[in-house]
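Residue-level structure breakdown
If you want the building blocks of each chain, they are given just below.
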Amino acid sequence: MPSNTTPLKILAVESDPTICLRLEHILAGQSDMVLTACAPSCREAQKRIADYSFQVLLVDLNLPDGFGLELICQAAALTPAVDIMVLANSNEDPHIVSAIESGAMGYVLKRDLEKNLVAAIRLLKAGGSPVSPAVAKSVLRALRSYTTQTLATERQPLESNPLSERETEILQLLAKGMSFNEIGDILTISPHTVTAHIKKIYRKLQVHSRGEAVYEAVQMGILP
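The structure displayed is predicted, hence computed values, not measured ones.

A separate point is the sheet that holds strand β1 (residues 8-13). Strand order in the open sheet formed by five strands is β2-β1-β3-β6-β7, with parallel pairing between adjacent strands. Looking at strand neighbours, the two that pair on one side only are β2 (33-39) and β7 (106-109), the edges of this open sheet. The mean inter-strand angle of the sheet, taken between neighbouring strand axes irrespective of direction, is 25°. Strand contacts of helix α5 (residues 113-125): β1, β2, β3 (56-60), β6 (83-88) and β7, with the helix running at about 160° to β6, the strand carrying the most contacts.

Evaluated as defined, the whole model comprises 10 salt bridges. Two residues, Glu14 and Lys110, come together in a salt bridge whose shortest N-O distance is 2.9 Å. Residue Glu14 is located in the loop between β1 and α1 (17-28), and its partner Lys110 is located in the loop between β7 and α5; the two are separated by 96 residues in the primary sequence. Taken individually, Glu14 and Lys110 each receive the classification buried, so the pair is uniform in this respect. Counted as one network, the salt bridges with shared partners bring together Glu14, Asp60 and Lys110.

A word on the side chain of Thr195. Relative to the helices and strands, Thr195 is located in helix α9 (residues 191-205). For Thr195, the residues in contact, after removing those within four places along its chain, are Asp83 and Phe180.

Let us now look at helix α7 (residues 165-175). Of the residues making up α7, those classed as buried are Glu167, Thr168, Ile170, Leu171, Leu173 and Leu174. The inward-facing, buried residues of α7 contact α8 (180-187), α9 and α10 (210-220). Of the residues trailing α7, Gly177 is marked for its positive phi of about 85°.

The next point concerns the pairing of β2. Inspection of the sheet shows β1 paired to β2 by six bridges, in the parallel sense. Bridge assignment links Lys9 to a residue of β2, and that residue is Val34. Between the parallel pair β1 and β2, the chain is carried across by α1, and the sense of this crossover is right-handed.

Now for the state of the cysteines. What is meant by a disulfide is a covalent connection between two cysteines, made through their sulfur atoms. For the structure on display, the rule yields one disulfide. Two residues share a disulfide in this structure: Cys20 and Cys38, whose sulfurs sit 2.1 Å from each other. Across the S-S bond of Cys20 and Cys38 the torsion is about -65°, and the bridge reads as left-handed. Taken together, the residues span a long stretch of sequence, with Cys20 in helix α1 and Cys38 in strand β2 at a distance of 18 residues. On the basis of relative accessibility, which here comes to 10%, the residue Cys20 falls in the buried class.

Per-residue confidence for the protein gives a mean pLDDT of 81; residues scoring 70 or more make up 85%. Taken element by element, the protein is modelled with least confidence in helix α6 (residues 133-152), mean pLDDT 58, and with most confidence in α1, mean pLDDT 95. Note that pLDDT drops below 50 for residues 151-158; the model gives that stretch 10 contacts with residues more than four away or on any other chain.

Moving on to the nonpolar core. Most often, soluble globular proteins keep nonpolar side chains buried together rather than apart. Residues Ile49, Leu57, Leu71, Ile72, Ile84, Val86 and Ala99 are the most contacted members of the largest nonpolar core, which totals 26 residues. Residue assignment for this core shows that the elements contributing at least two residues are β1, β2, α2 (42-51), β3, α3 (68-78), β6, α4 (96-102) and β7. Per-element tally for this core: the top contributor is α3, with four residues. If sequence neighbours within four positions are ignored, Ile72 has contacts with Val59, Leu61, Ile84, Val86, Ala99, Ser102, Gly103 and Ala104. Counting residues in hydrophobic clusters, the runner-up holds 20 residues, among them Ala12, Val56, Val108 and Leu124.

Take the environment of Ala99 next. With respect to the helices and strands, the residue Ala99 is situated in helix α4. Separated by 14 residues in sequence, Ala99 and Met85 place their C-alpha atoms 8.8 Å apart. Setting aside its immediate chain neighbours within four residues, Ala99 contacts Leu61, Leu69, Ile72, Val86 and Ala104.

Rules used throughout
Residues numbered from 1 in each chain as written. Predicted model: local features only at pLDDT ≥ 70, side-chain atom pairs only at ≥ 80, totals over all residues. Heavy atoms only, no water. Pairing = 2+ DSSP bridges. Helix = DSSP H or I, 4+ residues; strand = E, 2+ residues; numbered from the N terminus. Axes fitted to C-alpha atoms, helices over the stretch in contact; angles between N-to-C directions. Contact = heavy atoms within 4.5 Å. Salt bridge = Lys/Arg side-chain N within 4 Å of Asp/Glu carboxyl O. Buried < 20%, exposed > 50% of the residue type's maximum accessible area, 1.4 Å probe, protein only. Right-handed = clockwise from strand over helix to strand, strands pointing away. Disulfide = S-S within 2.5 Å. pLDDT = per-residue confidence, 0-100. Core = buried A, V, L, I, M, F, W, Y, C linked by side-chain atoms within 4.5 Å.

What follows is the structure, encoded as structure tokens:
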């Protein structure tokens, strides 16, 4: 896909040299994205994450010196504007749901990299979540369990309106059903910036979805 904008910088965290070569080969043919590095370990990845010189993070969960979930949590906390996707071995990986709960927005199967990687990254940057139906069901079950547990216990108190003026503005547009691209057009900001704001909104309101954010904002009086 041709692009007149600066290519997306992608950092991969993968210990298998063969997978790294496949990633390099796939992304070398794209004008709108570029693989800046393929870190083989948690330690090397942590240095790259601290530099914050990328917009997309691809993470293998099984690394020789640690667990990919820790990297996902670190990246989500330090670089909330970065979109994170898991490099998964199979749909049945028991840690995929935990990775998504920790901050990943989707995953791509290693066996299908040539077929799905580029489309998955583009969907991710457009505000979507590239997740298979099987894993989506697991995520919904986990979210339902989390919501039930939350309602059964006292929630951490929130400020009357913890959102900034821009975040409140974006939430109002979200409540009207507008897409990330439409919000970006209205506010004259990039969809990437919109995504970063929405992640902050979810974190501040202690929610995990658009519907939950709107509901919580109405209960708090942020939205009418």
